[in-house]
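# Observations on chain architecture
Spelled out, the chains give:
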Amino acid sequence: MSRVRIPPPLRDVTDGLQEVDAQGGTVGDILDDLVSRFPGLDGQLRHANVYVDGEDIRVLDDLETSVAPDSTVILLPAMAGGF
Amino acid sequence: MATYRELLEQVREQIDEIGVSEAASRLEAADPPLVVDVRERHEWDEGRLPEAVHIPRGSLESRIERAAPDRSAPILVYCGSGTRSAFAAKTLEDLGYESVSNLDGGIAEWKRNGFPVVVSESLSPAQRTRYSRHLLIPEVGEEGQLRLLESRVLLVGAGGLGSPAALYLAAAGVGTLGIVDDDAVDATNLQRQIVHSTDRLGEPKVESAKRTIEALNPDVTVRAFRERLTSENVDRIFDEGWDVIVDGADNFPTRYLVNDASVWHGIPVVHGSIFRFEGQVTVLEPGEGPCYRCIFPQPPPPELAPSCAEGGVLGVLPGIIGSLQANEALKTALGIGDRLVGRLLLFDALAPSFTEVVLRKDPQCPVCGESPTITEYVDYVEFCQRAGAHA
């Protein structure tokens, strides 16, 4: 199980959870597992950047990036708020 | 027992002395010496050699190592006429400095031969008191404080993030603060926008911020732009010689506009954003790190990007994130420390925790990449609507 950090705008569909555990050996598997448990995430996750242990998966293997059981996955959408 | 004159003669025999013409040509060379002025403060204030650092004779031994850590690098010392600096040169040699020269005839001879002298600004007695806690920090000191007083920071937005940033930058003595905002102070702002107050309700935010800042620190000049930043006015506003921009906007079109304009104007942006209990901070330094489009090529759809007006924000959160932005802006202005270039700092007020992720420059970036496809301002509202995000 890897830890996945849920960004604030998506917590309404994760029962308010800030962090959830997810199954899978790759980022793609992890995201699929998340969507199967929280169907409200379907279609939303592609708008968030994904970081595995602090590194952007776009410079790793994208959805094929392997995720170790002790890895932390961060989902990060852009936020505009400043006021 | 040697007399003063005999001692001076002895010292002069042991050190290297060069004339003003030789000194001038060494200063023009590719690898110029460190120039050290060993006179007293009032003499330094009246004029000095260009690029000189000020280390009074009495503090030479204790302060030279910070200014000149490499003992093999060349040093040129001078004073008024070349005698005090002759002793200083001898001291430096005794400390192990291998290439020390004394300016024969001192700054008097330098001036007589028509070489340039810089009259440095100095702090007034009131400023020395006001900024005393900065002056005590070696990384800031008088030189850094003068730098802050000459620096220019542009704040986009006088709201949640802009409020603490403006207050701390003003208190720190940033000489010119520009503020762009077309809003008026509203009762719902006062839970977090601390540059405004209850008696300012209905007042333009730039005017309210200007009054607060000027009351806090009369050294600060406020340039108020009571307008919304747009493709039409951004060049006029960004062209005013800003050293750094603090982005505290509240919508995606302005975020992308600030990004594109700052890349084209070559101005670093301290980016901050907030939502409920979480904030993000990074520094977008053109040419050095990624730009906003490298990180977020497209704005997210509305359901993923509610504004603070829709989703709410803990009042203290912009205080924390805006202060972190002020910290990055001050380091940028002072040229000290490590900045959040290529790093995004995430703050969670509930945990509470700071997390960092690495941000990479995208070689395919349409604005700052190798073959840019966006080279002029676009319709940013339309761009964000097309991508699905609202203003």
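None of the values given here were measured: they were computed from a predicted structure.

### A closer look at the overall build of chain B
When you go through chain B residue by residue, the secondary structure sums to 17 helices and 13 strands. Counting only C-alpha atoms, chain B reaches 85 × 50 × 45 Å along its principal axes. Of all 391 residues assigned to chain B, the portion counted as buried reaches 52%. The contacts in chain B between residues at least 6 apart in sequence include a share of 68% that link residues at least 24 apart. In the structure as shown, chain B presents an accessible area of about 17200 Å², 50% of it carried by carbon and sulfur atoms. If you average the places of the 37 positive and of the 59 negative side-chain charges in chain B, the two averages end up 4 Å apart.

### Some remarks on the sheet that holds strand 7 (residues 176–180) of chain B
Residue and element names in this part refer to chain B. Ordered in space as 8-7-6-9-10-11-12-13, the eight strands form an open sheet in which the pairing is mixed. With one partner strand each, in any of the chains shown, strand 8 (221–225) and strand 13 (353–358) form the two edges of the open sheet. Ignoring which end each strand starts from, the neighbouring axes of this sheet average 15° apart. The sheet contact formed by strand 11 (residues 278–284) and strand 12 (residues 343–348) spans four bridges and is antiparallel. If you follow Gly 279 over to strand 12, its bridge partner there is Phe 347. In the packing of helix 10 (residues 162–172) onto the sheet, the strands contacted are strand 6 (152–156), strand 7 and strand 9 (244–247), and the crossing angle to strand 6 comes to about 165°. Contacting strand 9, strand 10 (269–275), strand 11, strand 12 and strand 13, helix 16 (residues 316–334) crosses the sheet at an angle of about 175° to strand 10.

### Considering a negative patch on the surface
All names here are of chain A. A contiguous patch of negative charge on the surface is contributed by Asp 29, Asp 32, Asp 61, Asp 62 and Glu 64. Structurally, the position occupied by Glu 64 is in the loop between strand 4 (55–56) and strand 5 (72–76). Owing to a relative accessible area of 59%, Glu 64 belongs among the exposed residues under this scheme.

### Topic: the state of the cysteines
Residue and element names in this part refer to chain B. Going through the model one piece at a time under the given rule, you end up with zero disulfides over all chains. Lacking any disulfide linkage, Cys 365 is separated from the closest cysteine sulfur, that of Cys 291, by 3.6 Å. This cysteine, Cys 368, is not joined by any disulfide, and Cys 294 carries the nearest cysteine sulfur, 3.4 Å off. Looking at Cys 368, the relative accessible area reads 18%, which means it is buried.

### A short note on the interface of chain A and chain B
With 25 residues of chain A at the interface, the matching set in chain B holds 45 residues. Taking both sides of the interface into account, the surface hidden between chain A and chain B amounts to around 2900 Å²; carbon and sulfur atoms contribute 58%. The largest per-residue losses of area from chain A upon contact with chain B belong to Ala 78, Met 79 and Phe 83 of chain A, which jointly make up 29% of the total buried on that side. Taken together, the connections running from chain A to chain B amount to four salt bridges. A salt bridge links Arg 360 of chain B to Glu 55 of chain A; the nearest nitrogen and oxygen atoms lie 2.3 Å apart. Inspection of the region where chain A meets chain B yields 11 residue pairs in polar contact (both at pLDDT 80 or more). Its residues assigned to classes, the side of chain A that touches chain B comprises 12 nonpolar, seven polar and six charged.

### Considerations on the pairing of strand 5 (residues 100–103) of chain B
Residues and elements named next belong to chain B. Burial along strand 5 is two-sided: Val 100 and Asn 102 and Ser 101 and Leu 103, pointing in opposite directions, are all buried. One ladder, built from three bridges, connects strand 1 (residues 16–18) with strand 5; its direction is parallel. Note that in strand 5 the partner of Asp 16 across the bridge is Ser 101. Here strand 4 (residues 75–78) pairs with strand 5 via three bridges, running parallel.

### Points about the nonpolar core
Where a protein is soluble and globular, its nonpolar side chains tend to be buried together. Residues and elements named next belong to chain B. In this structure, Leu 155, Leu 169, Leu 177, Ile 179 and Ile 213 are the most contacted members of the largest nonpolar core, which totals 40 residues. Considering each element in turn, this core owes the most residues, seven residues, to helix 16. The contact partners of Leu 155, leaving out residues within four places of it in the chain, are Gly 162, Ala 165, Ala 166, Leu 169, Leu 177, Gly 178, Ile 179, Val 180 and Val 246.

### What about the sheet that holds strand 5 of chain A?
Residue and element names in this part refer to chain A. Reading across from one edge, 2-1-5-3-4 is the order of the five strands in this open sheet, with mixed pairing throughout. The outermost strands of the open sheet, each flanked by one partner alone, are strand 2 (19–22) and strand 4. Contacts from helix 1 (residues 27–37) reach strand 1 (2–5), strand 2, strand 3 (49–52) and strand 5 within the one sheet, and its direction differs from that of strand 2 by about 115°.

### Regarding the confidence of the model for chain B
Of the residues in chain B, 99% reach a pLDDT of 70 or more, and the chain-wide mean stands at 94. In the predicted complex, the global pTM is 0.79; the interface-specific ipTM is 0.93.

### Brief notes about the side chain of Glu 43 of chain B
Structurally, Glu 43 of chain B is set in helix 3 (residues 41–46). A polar contact is formed between the side chain of Glu 43 of chain B and the backbone nitrogen of Glu 40 of chain B, at a distance of 2.8 Å.

### What to know about the packing of helix 1 (residues 4–14) of chain B against helix 5 (residues 84–94) of chain B
Think of two packed helices as two axes; the pair is described by the angle between the axes and how far apart they sit. All names here are of chain B. Closest axis-to-axis distance for the helix 1/helix 5 pair is 9 Å, and the angle between their directions is 55°. Here helix 5 runs oblique to helix 1, going by the angle between their axes. In this structure, the crossing between helix 1 and helix 5 has a hand that is left-handed. Contacts between helix 1 and helix 5 involve Tyr 4, Leu 7, Leu 8, Val 11 and Gln 14 on the former and, on the latter, Ala 86, Phe 87, Lys 90 and Glu 93.

### Looking at the side chain of Arg 200 of chain B
Residues and elements named next belong to chain B. Looking at the secondary structure, you find Arg 200 in the loop between strand 7 and helix 11 (205–216). The class of Arg 200 is buried, set by a relative accessible area of 11%. From its side chain, Arg 200 meets the backbone oxygen of Ser 208 in a polar contact 3.0 Å long.

Calculation criteria
Residues numbered from 1 in each chain as written. Chains lettered and ligands numbered in written order. Predicted model: local features only at pLDDT ≥ 70, side-chain atom pairs only at ≥ 80, totals over all residues. Heavy atoms only, no water. Helix = DSSP H or I, 4+ residues; strand = E, 2+ residues; numbered from the N terminus. Buried < 20%, exposed > 50% of the residue type's maximum accessible area, 1.4 Å probe, protein only. Contact = heavy atoms within 4.5 Å. Areas by Shrake-Rupley, 256 points an atom, 1.4 Å probe, with all protein chains shown as cover. Lys, Arg positive; Asp, Glu negative; His and termini not counted. Charge placed at Lys NZ, Arg CZ, Asp CG, Glu CD. Pairing = 2+ DSSP bridges. Axes fitted to C-alpha atoms, helices over the stretch in contact; angles between N-to-C directions. Patch = residues over 30% accessible without salt bridge, like charges linked within 9 Å, V, L, I, M, F, W, Y side chains within 5 Å. Salt bridge = Lys/Arg side-chain N within 4 Å of Asp/Glu carboxyl O. Disulfide = S-S within 2.5 Å. Buried area = accessible area lost by both parts, 1.4 Å probe. Polar contact = N/O pair within 3.5 Å; in protein donor to acceptor, adjacent residues only side chain to side chain. Nonpolar A, V, L, I, M, F, W, Y, C, P; charged D, E, K, R; others polar. Core = buried A, V, L, I, M, F, W, Y, C linked by side-chain atoms within 4.5 Å. pLDDT = per-residue confidence, 0-100. Parallel < 35°, antiparallel > 145°, perpendicular 65-115°, else oblique. Left-handed = near helix turned anticlockwise from the far one by under 90°.

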